[in-house]
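# Structural description and commentary
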Amino acid sequence: MIRKPKGTNDILPQDIYRWHYLENMIKEISAMFGYREIRTPIFESTDLFIRGVGDGTDIVDKEMYSFVDRGGRSMSLRPEGTASVARAYLEHSMDKIQERQKVYYIGPMFRYEKPQAGRFRQHYQFGLEFFGESSPLADVEVISLAYTLYNKLGIKNISINLNSVGCDKCRKEFSNALKKFLEINLDKLCEDCHRRYYKNPLRVFDCKNKNCKEILSEAPITTNYLCDECKNDFENVKHGLDMLGISYKVTPTLVRGLDYYTKTVFEVVSLTLGAQNAIGGGGRYNNLIEELDGPDIPAVGFAAGMERIILSMDNEDINIPHCDDIELRIVPIGKKALEICFRLAYDFRKLGVKTEMDYRNKSLKANLKLANKNNEPFILIVGDDELIEKKGKLKDMKENKETLVSLDNLENIIKIIRGENAKKD
Ligand code: HAM
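Treat the numbers as computed from the prediction; the structure is a model and nothing was measured. (Residues numbered from 1 in each chain as written. Predicted model: local features only at pLDDT ≥ 70, side-chain atom pairs only at ≥ 80, totals over all residues. Heavy atoms only, no water.)

### Examining the domain arrangement of the chain
Just so we agree on the cut-off: What marks off one domain from the next here is an automatic or database domain assignment.
The domain architecture assigned to the chain consists of domain 1 (16-167 + 227-315), domain 2 (168-222) and domain 3 (328-417). The C-alpha centroid of domain 3 is placed 48 Å from the C-alpha centroid of domain 1.

### Structural notes on the side chain of Ser 312
Note the cut-off: Per the convention used, a helix needs a DSSP run of H or I reaching at least four residues, while a strand needs a run of E reaching at least two, with both numbered from the N terminus. Type-normalised accessible area, obtained with a 1.4 Å probe on protein chains alone, sets the label of each residue: buried when under 20%, exposed when over 50%, and partly exposed for intermediate values. Two residues form a contact once any of their heavy atoms are found within 4.5 Å.
Here Ser 312 is to be found in helix H12 (residues 306-315). Take Ser 312: its relative accessible area is 0%, and that puts it in the buried class. With near-sequence residues (within four places) excluded, Ser 312 lies in contact with Ile 155, Ser 270, Thr 272, Leu 273 and Ile 279.

### Describing the packing of helix H6 (residues 136-153) against helix H10 (residues 228-244)
Rules: Angles run from 0 to 180 degrees between N-to-C directions of axes, and those axes are lines fitted to C-alpha atoms, restricted for helices to the stretch in contact. Working definition: roughly parallel below 35 degrees, roughly antiparallel above 145 degrees, roughly perpendicular at 65 to 115 degrees, and oblique for all remaining angles. The crossing is said to be left-handed when, going from far helix to near helix, the turn is anticlockwise and less than a right angle, and right-handed when the turn is clockwise. Here the term charged refers only to Asp, Glu, Lys and Arg, the term nonpolar to Ala, Val, Leu, Ile, Met, Phe, Trp, Tyr, Cys and Pro, and the term polar to all other amino acids, Gly among them.
One way to put it is that H6 packs onto H10 with a least axis distance of 8 Å and a crossing angle of 45 degrees. With respect to their mutual orientation, H6 and H10 come out oblique. Judged by the twist between their axes, the crossing of H6 over H10 is right-handed. Together, Pro 136, Asp 139, Val 140, Ile 143 and Ser 144 of H6 and Asp 233, Asn 236, Val 237, Gly 240, Leu 241 and Leu 244 of H10 make up the contact between the two elements. Across the contact of H6 with H10, the residue classes break down as 6 nonpolar, 3 polar and 2 charged.

### Structural notes on the site of the ligand
The line we're drawing: The criterion for a residue being near a molecule or strand is simple. One of its heavy atoms has to lie within 4 Å of it. The definition of a polar contact used here is a pair of N or O atoms within 3.5 Å, where within protein one atom must be able to donate a hydrogen and the other to accept one, and adjacent residues in sequence count solely through side-chain atom pairs.
Residues in close proximity to the ligand total 26 residues, the closest being Glu 80, Glu 113, Glu 129, Tyr 261 and Ala 278. Tyr 261 places a side-chain nitrogen or oxygen 2.6 Å from a nitrogen atom of the ligand. Breaking the shell around the ligand down by element, the ones donating at least two residues are strand S6 (122-131), strand S10 (278-284) and strand S11 (299-305). Residue contributions to the shell around the ligand peak at 6 residues, all from S10.

### Overview of the environment of Pro 136
Examined against the element boundaries, Pro 136 turns out to sit in helix H6. Owing to a relative accessible area of 13%, Pro 136 belongs among the buried residues under this scheme. In this structure the C-alpha to C-alpha distance between Pro 136 and Arg 418, which are 282 residues apart in sequence, comes to 47 Å. With near-sequence residues (within four places) excluded, Pro 136 lies in contact with Asp 233, Asn 236 and Val 237.

### Regarding the packing of aromatic side chains
Two numbers describe a pair of aromatic rings. These are the distance of the centres and the angle of the planes. Spelled out, the test is: Working definition: rings of Phe, Tyr and Trp (its six-membered ring) pair if their centres are within 6.5 Å, and the pair is stacked with planes under 30 degrees apart, edge-to-face with planes over 60 apart, and tilted otherwise.
Applying the stated rule across the entire model yields 14 aromatic pairs. Ring geometry for Trp 19 and Tyr 124: centres 5.5 Å apart, planes at 65 degrees, overall edge-to-face. On the criterion of sequence distance, the pair formed by Trp 19 in helix H1 (residues 16-32) and Tyr 124 in strand S6 is long-range, its members being 105 residues apart. The exposure class of Trp 19 is buried, given its relative accessible area of 8%.

### Structural notes on the side chain of Asp 206
In this fold, Asp 206 is placed in the loop between helix H8 (191-199) and helix H9 (210-216). A relative accessible area of 14% places Asp 206 in the buried class.

### Quick notes on the pattern of salt bridges
Close approach of charged atoms allows side chains of opposite charge to pair. Our working definition: What counts as a salt bridge is simple: a side-chain nitrogen of Lys or Arg found within 4 Å of a carboxyl oxygen of Asp or Glu.
Taken as a whole and assessed by the stated rule, the structure comprises 32 salt bridges. Here Asp 58 makes a salt bridge to Arg 196, at a shortest N to O gap of 3.1 Å. Note that Asp 58 is positioned in helix H3 (residues 58-62) and Arg 196 in helix H8, a separation of 138 residues in sequence. With respect to burial, Asp 58 and Arg 196 carry one shared label: buried. Among the salt bridges present, the one from Asp 192 reaches Arg 195, with a minimum N-O distance of 3.5 Å. Here Arg 195 and Asp 192 lie together in helix H8, a separation of 3 residues that amounts to about one turn. Accessibility expressed as a relative area gives 29% for Arg 195, which makes it partly exposed. Sharing partners across several salt bridges, the network here consists of Asp 55, Asp 58, Asp 61, Lys 62, Asp 192, Arg 195, Arg 196 and Lys 199.

What follows is the structure in structure tokens.
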């Protein structure tokens with residue numbers, strides 16, 4: 001039997017309500033904060049990610065699904081959404097349409113990582129990007145949107161880690177200090193960190209090696225090298241979060257694994273997940289648009305792993321409402337009734353009622369068993385005899401109560417099954 005690729009997931013029909021619930025919440029909250037959806041291709045030119053995410057990052061060096069297409073071009077499945085959205089923003093001159101653009105996206109991302117609990121080779125992300133606003137209040141807005149989402153989903157055990165990695169100016173000084181530190185410790189660091197030292201020193205902080213982590217705990221920290229502007233912006237981000245009552249932990253070692261960040265970086269961690277506990281992360285990236293040959297436009301954004309959000313909801317025993325369950329099962333008893341009921345099911349569906357029926361003339365007992373198994377709240381039984389009077393028996397499965405209803409008045413039946421005041425026919 002052919003099986004799904006390692007590190008991927010099938011989301012089965014019995015679980016899809018969880019995803020619909022999450023997606024609906026994302027759409028609702030994004031709209032509340034003024035973000036509109038954007039959809040970009042799942043694959044892009046490999047170059048986009050090399051320039052956007054950065055040569056020397058684990059994502060680009062080790063994790064991309066890259067291939068040469070039939071036209072000889074190097075393409076990659078997107079490992080993340082920011083570079084693609086920035087590319088679309090430039091390609092469609094979105095800055096000319098409106099100075100500030102706020103967009104969000106939901107979709108699969110691909111990273112060739114070692115699969116484990118909460119870490120997949122294909123994972124879904126909800127992400128958002130805010131272009132054209134340099135005020136630190138935009139950073140606070142993005143963090144507050146993320147916070148609102150986790151909050152509305154009922155996830156309580158989270159912590160927001162916050163840092164500033166500075167701008168080009170102050171990063172140079174930090175980078176020099178870091179290089180000096182690494183030079184002294186080079187013989188104690190792993191092979192990967194040696195490579196990082198020469199290619200992209202900041203990336204040593206992505207190392208998962210325990211020994212390297214210990215050595216790096218003594219390394220210089222970004223916040224000690226911030227220029228006045230970056231220092232001031234960082235203070236304003238913290239002040240904004242304080243103002244909204246959103247708690248955070250300043251985490252000087254947080255640099256994030258993508259090269260495009262400037263100034264604010266943050267990560268949201270679930271305290272109920274194991275090693276893969278980041279349920280979201282983001283930050284400001286004021287140079288990316290320029291690096292992709294665009295104008296000087298500041299931006300800030302965030303993305304969350306949707307599988308990890310659902311996992312943390314499970315860990316916190318959060319009940320996810322079933323939003324697309326069947327409301328009514330129609331049960332024909334007899335040959336004539338089958339045709340009438342088939343038409344009736346269509347009428348109910350057109351009226352917006354989630355309706356199901358079996359076409360094989362199954363017995364009432366078999367239908368009851370099915371309705372019970374699927375937790376269906378109502379069944380409408382229509383027998384050949386009842387048809388003469390155009391009536392049916394509406395059975396409330398929970399209350400075990402039957403009501404005689406007119407098949408000429410579907411609105412009335414809908415009122416009963418939805419618990420609105422209705423009269424018996
Ligand atoms: P990221 O931290 O690489 O950031 O990914 C965002 C989130 O996606 C993570 O916090 C995590 O929840 C989830 N995630 C990442 N990799 C995996 C995986 N292999 N399996 C399961 N979940 C995963 C970004 O991608 C940036 N583009 C975020 C951003 C947007 N920054 C600015 N704008």
